Amino acid sequence: MTSPNPGGSIAAVPCEGADELVILDVDTGDHLGSISVGPDPVHATTAAGSTFVATMGDRAVSAVTPEGAVERIETGVLGPSHFATAGGNLFVSCSAGDSLSVIDPVDRRLLGRIPVGAEPHEVATGPAETALYVGSRREGRVDVVSVPDRSVVDSIDIGPNARVQGVTVGPDGDRGYAVDQRGTRVVAFETTPDHSVQDTAAVGADPYDLVVTDRRVHVPGRDAGTVHAFDRELGSVTVHDGFNRPVDLLAADDSLWVLDAGRAGLVSLTGRFVDTPAPGLAASSAGDRLLLSHYDDSLVSLVSPTEGVVWVSEVPARPFGAVLV
């Protein structure tokens with residue numbers, strides 16, 4: 001996609017309720033166009049000059065070229081959702097197909113599928129991009145996928161009846177973390193050599209995702225209105241409360257800001273507050289600003305922690321995240 005504003009950034013916003021990818025000028029919020037990409041687009045990523053969109057209601061991923069042309073890459077199974085990049089290829093979890101689809105982003109074609117645990121969700125990339133970690137929401141495990149071999153080489157048992165949502169690898173690469181939504185826990189595991197579970201800790205009700213920094217592990221509890229903070233060994237540091245439905249944390253202006261799906265506004269973990277036009281469900285970093293998707297209100301906004309709301313743009317139904325192009 002070529003921006004009509006050379007030198008300016010553009011944002012590609014999947015709008016799940018309209019089956020479109022909406023293109024916005026990041027500086028102004030102006031609409032630059034929209035592209036039909038298939039049913040229920042939820043997540044997008046960029047690779048090899050194209051923008052790839054996961055359409056959960058289809059057996060395909062849409063690739064949007066720099067010229068705006070759309071190519072459909074068949075996954076063969078339903079529910080493409082979350083992307084990861086490793087070894088020069090794209091890997092997309094297909095929740096209804098119990099597999100990872102492997103895509104060559106240059107030739108924009110399917111290279112194959114890797115069977116993984118039932119209902120895979122988030123995918124984390126390990127050190128040196130040699131391994132991927134894939135959480136299963138039905139089998140209570142995290143599969144370890146060899147990137148060079150494109151096969152599962154190990155499985156990490158997160159616990160009886162666990163429902164694995166968020167999965168990530170810490171910045172130093174030696175430890176991974178998984179959120180057990182059903183068990184309201186966060187679990188730490190080794191990335192080498194044996195992938196054993198090292199620590200667990202209780203978190204607030206309905207945890208969904210987590211954010212790991214160089215010193216802390218943060219887990220929002222959506223139904224509890226809390227954000228638990230741990231050290232890297234999952235020792236409790238503090239519990240931040242007073243939120244309605246915290247769903248994510250994002251870094252901006254040297255602070256971590258809580259995205260609250262139940263309340264308009266961003267709150268930093270140090271107590272600073274910034275108004276937003278509506279509650280937010282997903283957000284992306286745009287330099288020192290945050291690009292918010294207001295899913296229930298069909299709005300996207302650009303928010304600065306120091307200047308407040310920069311612009312608000314109305315978009316088609318249910319914007320779900322954004323990617324800078």
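Only a predicted model underlies this, so the values are computations on that prediction, with no experimental measurement involved.

How each quantity is defined
- Residues numbered from 1 in each chain as written.
- Predicted model: local features only at pLDDT ≥ 70, side-chain atom pairs only at ≥ 80, totals over all residues.
- Heavy atoms only, no water.
- Helix = DSSP H or I, 4+ residues; strand = E, 2+ residues; numbered from the N terminus.
- Buried < 20%, exposed > 50% of the residue type's maximum accessible area, 1.4 Å probe, protein only.
- Polar contact = N/O pair within 3.5 Å; in protein donor to acceptor, adjacent residues only side chain to side chain.
- Contact = heavy atoms within 4.5 Å.
- Pairing = 2+ DSSP bridges.
- Axes fitted to C-alpha atoms, helices over the stretch in contact; angles between N-to-C directions.
- pLDDT = per-residue confidence, 0-100.

## Section: the side chain of H195
Move 1: Tracing the backbone shows H195 in the loop between β18 (185-190) and β19 (197-202).
Move 2: We classify H195 as buried; its relative accessible area is 13%.
Move 3: Of the polar contacts made by the side chain of H195, one reaches the side chain of D154; its length is 3.0 Å.
Move 4: Here the side chain of H195 touches T191 through a polar contact of 3.0 Å, landing on its backbone oxygen.
Move 5: The contact partners of H195, leaving out residues within four places of it in the chain, are Y133, V144, D154, I156, F189 and E190.

## Considerations on the environment of S301
Move 1: For S301, the position within the fold is in strand β30 (residues 299-304).
Move 2: The exposure class assigned to S301 is buried, which follows from its relative accessible area of 0%.
Move 3: Separated by 21 residues in sequence, S301 and G280 place their C-alpha atoms 9.4 Å apart.
Move 4: Each residue touching S301, except ones within four places of it in the same chain, is listed here: P277, L290, L291, L292, H294, W311 and V312.

## Thoughts on the sheet that holds β19
Move 1: Spatially, the 4 strands line up as an open sheet ordered β16-β17-β18-β19, and their pairing is antiparallel. Either end of the sheet is taken by a strand with one partner, and the two such strands are β16 (164-169) and β19. Across the sheet, the axes of successive neighbouring strands diverge by a mean angle of 20 degrees, strand direction being ignored.
Move 2: Relative to β19, β18 runs antiparallel, the two being bridged by 5 bridges. Opposite R185, over in β19, you have A202 as the bridge partner.

## Observations regarding the confidence of the model for the protein chain
Move 1: Of all residues in the protein chain, 98% have pLDDT values of 70 or greater, and the mean over the chain is 94.
Move 2: Per-residue pLDDT stays below 50 along residues 1-8; that stretch engages in 20 contacts with residues further than four places along the chain or on separate chains.

## A short note on the pairing of strand β22 (residues 226-230)
Move 1: For β22, a buried count of 5 out of 5 residues is recorded, marking the element as mostly surrounded by other parts of the structure.
Move 2: Along β22, one buried face is formed by T226, H228 and F230 and the opposite face, lined by V227 and A229, is buried too.
Move 3: Examined bridge by bridge, strand β21 (residues 217-221) and β22 share 5 bridges and lie antiparallel to one another. Bridging across to β22, G221 finds its partner in T226.
Move 4: Where β21 folds back on β22, the antiparallel hairpin that results is connected by 4 residues, among which G225 adopts a positive phi of roughly 70 degrees.

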